[in-house]
Amino acid sequence: MEPAVKYTLIKKEKHTGARLGMLETPHGTFETPIFMPVGTEASVKNMAPEDLEKIGATIVLANTYHLWLRPGEDIVKEAGGLHKFMNWNKGILTDSGGFQVFSLANTRDITEAGVHFRNHLNGRREFLSPEKAIKIENYLGPDIMMSLDECPPFFESYDYIKKSVARTSRWAERGLKAHRNPDWQALFGIVQGAGFEDLRKQSAKDLVSMDFPGYSIGGLSVGESKSEMNRVLDFTTPLLPENKPRYLMGVGTADSLIDGVIRGIDMFDCVLPTRIARNGTCMTTHGRLVVKNAKYARDFGPIDPDCDCYVCRNYSRAYIRHLINANELFGTHLTSYHNLYFLLNLMKGVRQAIKDDNLLEFREHVFEDYGFNKANAKNF
């Protein structure tokens, strides 16, 4: 049986080994590395599917936990699956819901069978097992689905992480057996192990032996430093097969995207660009800009003079500031549009830099302009 998702390695950047690839899915083929906008409730906040297509998004995320609780996976299935339900004809990836469940630290109980927890909407007791998570994702119908894993805090004890990794491996095997649609839905395994090299190696060994069509690295960007995350990627990513996609979960800052690519990552996602956009914070070539600040009241220039997105070509800082301070939804649409365009365009530049074998020069240029090489970013 042909895998539902096929990865082809096209080129390695000669100075770093960063990968240029092609990911073929049932809903389109696209180049990697990529950033994937997050649409938790089957909608990327403040963005229409047509907007996402215009800015170059090729695959988005939806959240299994939230869609299970509301509207229910049976309703999505009845609608014809997520693609029809949300009017999106390109790629969709769903997480397993595990991260959301494990974030409910005070109301959940982990057992070998699965996780008991309280529904955050109504307080009702719920249960999520590896088999249940896969059944929900089969109903939702994404191109790529994630195994149920435990995502423990990064700084938990070695003994706890060791037990957690072993449980995640057992859950991955159970989920693989429960998967009903491998011909048109790819199930990825998730490598855990916090900051412990031997546990990351064990997790990767377990999952690679199960021959998943793709692998993600979880348990990062959860409070550890950027240098700590890079250290873990340095020894974890090489453990994963070269002929399959590698996905770093929950990462979306410009520096971490580039540094992740340098360490062999192909796919990223994060709520960051739309979350900060709702507070009037914009990602620009020269660092973050809080457009709702008073000093922009009479600034009739674009959010980012070096950006060619629709927002920067048509609207001023002063106007967007007014909208956000007046609680007009159009304002957060504009900042969300810009921030997502910024990251998607950044990844386009990363792919070109891999093609040109100058990714380190590209990184230096981006870091210098954004302000990562300074104590504080430029505020202009």
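On a predicted model such as this, the values are computed, not experimentally measured, just so you know.

Caption draft 1: Structural context of the nonpolar core. Leu 52, Leu 82, Phe 268 and Leu 359 are the most contacted members of the largest nonpolar core, which has 97 residues in total. The element that contributes the greatest number of residues to this core is helix H14 (residues 329-356), accounting for 12 residues. Once residues lying within four places of it in the same chain are set aside, the contact partners of Leu 359 are Glu 13, Thr 16, Ala 18, Val 261, Ile 262, Val 350, Ala 353 and Ile 354.

Caption draft 2: View of the sheet that holds strand S4 (residues 34-37). Overall, parallel pairing links the 8 strands, which are arranged S4-S14-S13-S12-S11-S10-S6-S5 in an open sheet. The open sheet terminates on both sides in strands that have one partner only, identified here as S4 and strand S5 (59-62). The sheet shows a mean angle of 25° between the axes of neighbouring strands, taken without regard to direction. The pairing of strand S12 (residues 215-217) with strand S13 (residues 246-248) spans 3 bridges and is parallel. Bridging across to S13, Ile 217 finds its partner in Leu 248. Sheet contacts for helix H8 (residues 197-209): strand S11 (186-191) and S12; angle to S11, the most-contacted strand, approximately 160°.

Caption draft 3: Structural view of the sheet that holds strand S1 (residues 6-12). Spatially, S1-S2-S3 is the arrangement adopted by the 3 strands of the open sheet, whose pairing is antiparallel. Since the sheet does not close on itself, it has two edges, and those belong to S1 and strand S3 (28-32), each with one partner. Here the average twist between neighbouring strands, direction ignored, is 15°. Inspection of the sheet shows S1 paired to strand S2 (residues 19-25) by 6 bridges, in the antiparallel sense. Each residue of the ladder has a partner; that of Lys 12, found in S2, is Arg 19. Contacts between H14 and the sheet are confined to S1, S2 and S3, with S2 contributing the most and set at about 125° to the helix.

Caption draft 4: Quick peek at the pattern of salt bridges. Across all of its chains, the model carries 19 salt bridges by this definition. Put simply, Lys 12 and Glu 242 hold a salt bridge, and the shortest N to O gap is 2.3 Å. One end of the pair, Lys 12, is in strand S1; the other, Glu 242, is in the loop between helix H9 (226-236) and S13, and 230 residues separate them in sequence. Judged by its relative accessible area of 38%, Lys 12 falls in the partly exposed class. Residue classification places Glu 242 among the partly exposed residues on the basis of a relative accessible area of 41%. Each of Glu 31, Arg 351 and Lys 355 takes part in one network of salt bridges that share partners.

Caption draft 5: Quick peek at the side chain of Thr 40. By the element assignment, Thr 40 lies in the loop between S4 and helix H1 (49-54). Residues within four places of Thr 40 in sequence aside, it is in contact with Leu 61, Ala 62, Asn 63, His 66 and Leu 67.

Definitions and cut-offs
- Residues numbered from 1 in each chain as written.
- Predicted model: local features only at pLDDT ≥ 70, side-chain atom pairs only at ≥ 80, totals over all residues.
- Heavy atoms only, no water.
- Core = buried A, V, L, I, M, F, W, Y, C linked by side-chain atoms within 4.5 Å.
- Buried < 20%, exposed > 50% of the residue type's maximum accessible area, 1.4 Å probe, protein only.
- Helix = DSSP H or I, 4+ residues; strand = E, 2+ residues; numbered from the N terminus.
- Contact = heavy atoms within 4.5 Å.
- Pairing = 2+ DSSP bridges.
- Axes fitted to C-alpha atoms, helices over the stretch in contact; angles between N-to-C directions.
- Salt bridge = Lys/Arg side-chain N within 4 Å of Asp/Glu carboxyl O.

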